[in-house]
Every structure is written in structure tokens, then in C-alpha cells.
Amino acid sequence: MPSIIKIQEDSLEIVVAISKNIPEFHNPHELITYQERLKNVPSIVLVAYVNDIHAGFKVGYERDGYFYSWMGAILPDFRQLGLARQLAEKQEAWAKAKGYPHVTFKTRNRLKPMLIFALNRGFDIIEIQPKDTIEAYRIILRKRL
């Protein structure tokens, strides 16, 4: 039976619950952190469902006049279904409709699948922020909408 995939705006509480089960997140953000980041700025909170089960999320908001795709992840059991692409497409369409000329995000050098995903989606590396180890370097990427 094929999976039924749904991408919709949803609550931060669901995002926090999902993030606690993402193995790459060593110290996932608490609800208050999300609330503080999104307070008084345009934002979008998307959740992916597979057969009505929470499978992943993507959160973005306006930051210093541009659209920042802040947090996103897919639970391991639901990877390779195209959920990250669908979440990104919906978020980018929302940002474009709101008049943002591009979307920016930051990742870590150790998260190779995220880097590959971004490059395959047309993002350009615009900055590298050195840290204590090469794996911890932050990589900032931007895509014109």
C-alpha cells in the first residue's frame, strides 16, 4: 500500500517532539527557544506526515530582513521518501509569495547529507565559519527564489 504524505503548517509542540527523536540533534531546542525565535516575525512551521504519523518538520522565519530556514529534520524511519524536498519546496514557495528574494540557512560540515541536499537544490555556499574542528565548521548557504 502506498504511503499517504501530507505537508502542512502545524504546531511548535509537534516540532519539538519530533526533534527529540532526531539522532543528529545532540541537544534539541526546547519549546521556549522556538517561541523566542519566532516571536514577532513572519514565520512558517511545517510538519510532514506519513500515513498520519509525524515524520519530519521545517521551521523558518524572517531574520534581519531575509528569510532564514532555521531548523528541519526527518525521522530516520521516514528518510528517502522525498519529505525533505517537499518541506523545502513548500517553505520556499511560502517565502517567495511573501516577497523574499532568497532563502538562507546554516548547517555544520559534519552533516554531509544536508550539504548535498542543499547543493542539489541550487543553494550556493556563501560563507564558512571556522570552529574548533573541521567537522564543526558552520556552512552558510543561500538560494535565489
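It should be noted that the structure appears before, not after, this text.
Throughout this document, residue positions are counted from 1 along each chain, in the order its sequence is written. Under the rules for a predicted model, residues below a pLDDT of 70 receive no local features and side-chain atom pairs below 80 are neither given nor counted, while totals for whole chains, interfaces and linings still include all residues. Computation of side-chain values: all heavy atoms of the structure, hydrogens and water removed.

**Quick notes on the nonpolar core**
Reasoning step 1: Only buried Ala, Val, Leu, Ile, Met, Phe, Trp, Tyr and Cys residues count toward a nonpolar core, and they belong to the same one when joined by side-chain atoms within 4.5 Å. Three exposure classes are used, based on accessible area relative to the maximum for each residue type with a 1.4 Å probe and protein chains only: buried under 20%, partly exposed in between, and exposed over 50%. Formed by 41 residues in total, the largest nonpolar core has its most connected members in Tyr34, Phe57 and Val59.
Reasoning step 2: Setting aside anything within four residues of it in sequence, one finds tyrosine 34 in contact with Leu12, Val15, Val16, Ser19, His29, Phe57, Val59, Trp70 and Met71. Pairs of residues are marked as contacts when any of their non-hydrogen atoms sit within 4.5 Å.

**Overview of the side chain of threonine 107**
Reasoning step 1: Inspection of the secondary structure assignment puts threonine 107 in strand 5 (residues 102–108).
Reasoning step 2: When its relative accessible area of 6% is taken as the criterion, threonine 107 is described as buried.
Reasoning step 3: When neighbours within four sequence positions are excluded, threonine 107 is seen to be in contact with Met114, Leu115, Tyr137, Arg138, Ile139 and Leu141. In this text, helices come from DSSP runs of H or I with a minimum length of four residues, and strands from runs of E with a minimum of two, each type numbered from the N-terminal end.

**Comments concerning a positive patch on the surface**
Reasoning step 1: Together, Arg37, Lys106, Arg108, Arg110 and Lys131 make up a region of like positive charge exposed at the surface.
Reasoning step 2: Structurally, arginine 37 can be placed in helix 2 (residues 31–38). Note that patches include only residues with greater than 30% relative accessible area and no salt bridge, and the join distances are 9 Å for like charges and 5 Å for nonpolar side chains (Val, Leu, Ile, Met, Phe, Trp, Tyr). For accessible areas, the Shrake-Rupley method is used with a probe of radius 1.4 Å. Any residue's cover is judged against the shown protein chains and nothing else. Throughout this description, the term salt bridge denotes a Lys or Arg side-chain nitrogen within 4 Å of a carboxyl oxygen of Asp or Glu. Charge counting treats Lys and Arg as positive and Asp and Glu as negative, with His and both chain ends excluded. The atoms used to mark charge sites are NZ of Lys, CZ of Arg, CG of Asp and CD of Glu.

**Structural notes on the environment of arginine 121**
Reasoning step 1: Mapped onto the secondary structure, arginine 121 falls in the loop between helix 4 (112–120) and strand 6 (124–129).
Reasoning step 2: Note on arginine 121: relative accessible area 16%, which makes it buried.
Reasoning step 3: It is 26 Å that separates the C-alpha atoms of arginine 121 and asparagine 51, two residues lying 70 residues apart in sequence.
Reasoning step 4: Setting aside chain neighbours within four positions, we find arginine 121 in contact with Arg85, Ala88, Glu89, Glu92 and Lys143.
Reasoning step 5: N or O atoms closer than or at 3.5 Å make up a polar contact, with two conditions inside protein: a donor-capable atom paired with an acceptor-capable one, and, for residues adjacent in sequence, both atoms drawn from side chains. Among the polar contacts made by the side chain of arginine 121, one reaches the side chain of glutamate 92 at a distance of 2.7 Å.

**What about the pairing of strand 2 (residues 43–50)?**
Reasoning step 1: Across the eight residues of strand 2, seven count as buried, placing the element largely inside the fold.
Reasoning step 2: As paired elements, strand 1 (residues 5–9) and strand 2 share five bridges and run antiparallel to each other. Paired with isoleucine 7 across the bridge in strand 2 is alanine 48.
Reasoning step 3: DSSP calls a pair of strands paired once it identifies at least 2 bridges connecting them. In terms of strand pairing, strand 2 meets strand 3 (residues 53–63) through eight bridges, oriented antiparallel. Residue alanine 48 lies in a different strand from strand 3, and its bridge partner there is glycine 56.
Reasoning step 4: Hairpin remark: strand 2 followed by strand 3, antiparallel, with two residues in the connecting loop; positive phi at asparagine 51, about 50°.

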